[in-house]
Amino acid sequence: MNPPVLESLADKLLEKIRQRPEQYFDPVKLSENLKTTEKNIIAAISLLRSWGYSIKADKEGRYAFVAAPDSFLSAEILHGLDTRLIARKIYSFQTIQSTNAIACQLASAKASEGTLVIAEHQTRGRGRLGRQWYSPKNVGLYCSIILNPKIHPTLAPGISIMTAVALADTIASYDDMEIKIKWPNDILISRLKVAGILTELSAEIDRVEYVIVGVGVNINQKRADFPAELREFATSVRIGAKEKIRRVEFLQIFLKNFEKEYILFKKLGLREARKKFLKYSFLHNQEVKLKMGRKLIIGAVLDIDEFGRLVLDTRDGIMSFNSGEVTTH
Ligand code: BTN
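Residues numbered from 1 in each chain as written. Predicted model: local features only at pLDDT ≥ 70, side-chain atom pairs only at ≥ 80, totals over all residues. Heavy atoms only, no water.

Right, let's talk about the sheet that holds strand β12 (residues 310-314) for a bit. Across the sheet, which stays open at both edges, the five strands sit in the order β13-β12-β11-β10-β14 with antiparallel pairing between neighbours. One side of each edge strand has no neighbouring strand; the edge strands of this open sheet are β13 (317-321) and β14 (325-327). The average undirected angle you get between the axes of adjacent strands in this sheet is 45°. With five bridges connecting them, strand β11 (residues 295-304) and β12 associate as antiparallel partners. When the bridges of β12 are listed, D303 appears paired with V311. (Pairing = 2+ DSSP bridges. Helix = DSSP H or I, 4+ residues; strand = E, 2+ residues; numbered from the N terminus. Axes fitted to C-alpha atoms, helices over the stretch in contact; angles between N-to-C directions.)

Written as structure tokens, this is what we have:
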């Protein structure tokens, strides 16, 4: 059996046996049911086990589903995911340089809106302002979503804002933690960074061609897992929630929240997301320094506007800014 056909059989077999966990299925009956041979069923079981599924066998050679791995396999992400647009098509990798880079290539080749690119590990995770995003294996979430909103490029920063809200809501669904968003899109738990968003854009002067929303979340790291240089700035959902997190479940909650915010954004712009953003805002009413290249602006944070810009009360009056790095002291 060639590999893609075997993979598709494994997906169908999984669908069937996971409906009744711990219940034994006879391979001959399964082969009749799935219109294949017993030998292929056995090969598909081996393949599923190699993907990390726990499947037990009894003395009669029957198989029972025990547990699914917490890995970002397409089948796992799609299992029970009830989004309509987001992540209906998934590209899942073990190791790649950057999910944003792959998503850009796919978007240029006209991949469909909502396509999700995800990896267990990135060797060149991109961060904002030319930085790197630390992306160790099997503990984080590194993904990119392709969008094709019919909007003017000036509205595109709003997508980072709505993504930050979807992410903050996702983390908030776990435990009573102090979750804040630091403009434009750092997510903090107890003042330490747990997630970041990198939005990349391809646009003409008056029209967005595509937007890539890249999301990186520290999920299951323990404090000692962070390299020394990150330890005093970074945290994870696990540290905040005081429990190990099922990453696939976290992703599914996020995708659902993201879809909800994106639909609202397309209808109403930032009207709804802004309210939530302000509720989570780390900087609200604070005196801040905004660094834009070599320029340093000091002012008090008043708001974010409908373009997602930071509104500051500065010495030179009230001004809005669409990029830069903010510090509070
Ligand atoms: C930041 O600097 O805060 C933004 C970090 C964004 C990292 C994510 S990880 C998945 C996606 N692919 C990348 O290369 N970067 C983003």
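Approximately 1100 Å³ is the volume attributed to the largest pocket. What lines the largest pocket is a set of 42 residues, and nearest its centre among them are R131, W133, D186, K193 and F233. Counting residues per element, the ones that place at least two in the lining of the largest pocket are α5 (99-108), β5 (140-147), β7 (186-189), β8 (192-204), β9 (207-218) and β14. Mapping the lining of the largest pocket onto the domain boundaries places at least three of its residues in each of domain 2 (74-280) and domain 3 (287-328). By volume, the second largest pocket amounts to about 310 Å³. Taken together, 18 residues form the lining of the second largest pocket, with P157, S160, N185, T199 and N322 sitting closest to its centre. Broken down by secondary-structure element, the contributors of at least two residues to the lining of the second largest pocket are α6 (157-172) and β8. At five residues, β8 tops the list of elements feeding residues into the lining of the second largest pocket. (1 Å grid on protein atoms, 1.4 Å probe; cavity = no way out; pocket = protein on both sides within 12 Å on 5 of 7 lines; lining within 4 Å. Points joined across faces, edges and corners; volume = space filled by probe spheres on them. Domains from an automatic or database assignment.)

Across the 12 residues that make up β9, a large majority, 10, are buried. Bridge count between β5 and β9: eight bridges; the pairing is antiparallel. Its bridge partner being in β9, I146 is matched across the sheet by I212. Here β8 runs beside β9; their pairing, made up of 10 bridges, is antiparallel. The residue of β9 that forms the bridge with A203 is V208. Hairpin connection from β8 to β9: two residues lie between these consecutive antiparallel strands. (Buried < 20%, exposed > 50% of the residue type's maximum accessible area, 1.4 Å probe, protein only.)

Geometrically, the link from W183 to P184 is a cis peptide bond, its omega value of 0° lying close to zero. Even without glycine at this site, A87 takes up a positive phi of about 65°. Position of A87 among the secondary structure elements: in the loop between α4 (74-78) and β3 (90-96). Of note in this structure, N285 is not a glycine but carries a positive phi near 65°. Here N285 shows up in the loop between α10 (271-280) and β10 (287-292). On the basis of relative accessibility, which here comes to 62%, the residue N285 falls in the exposed class.

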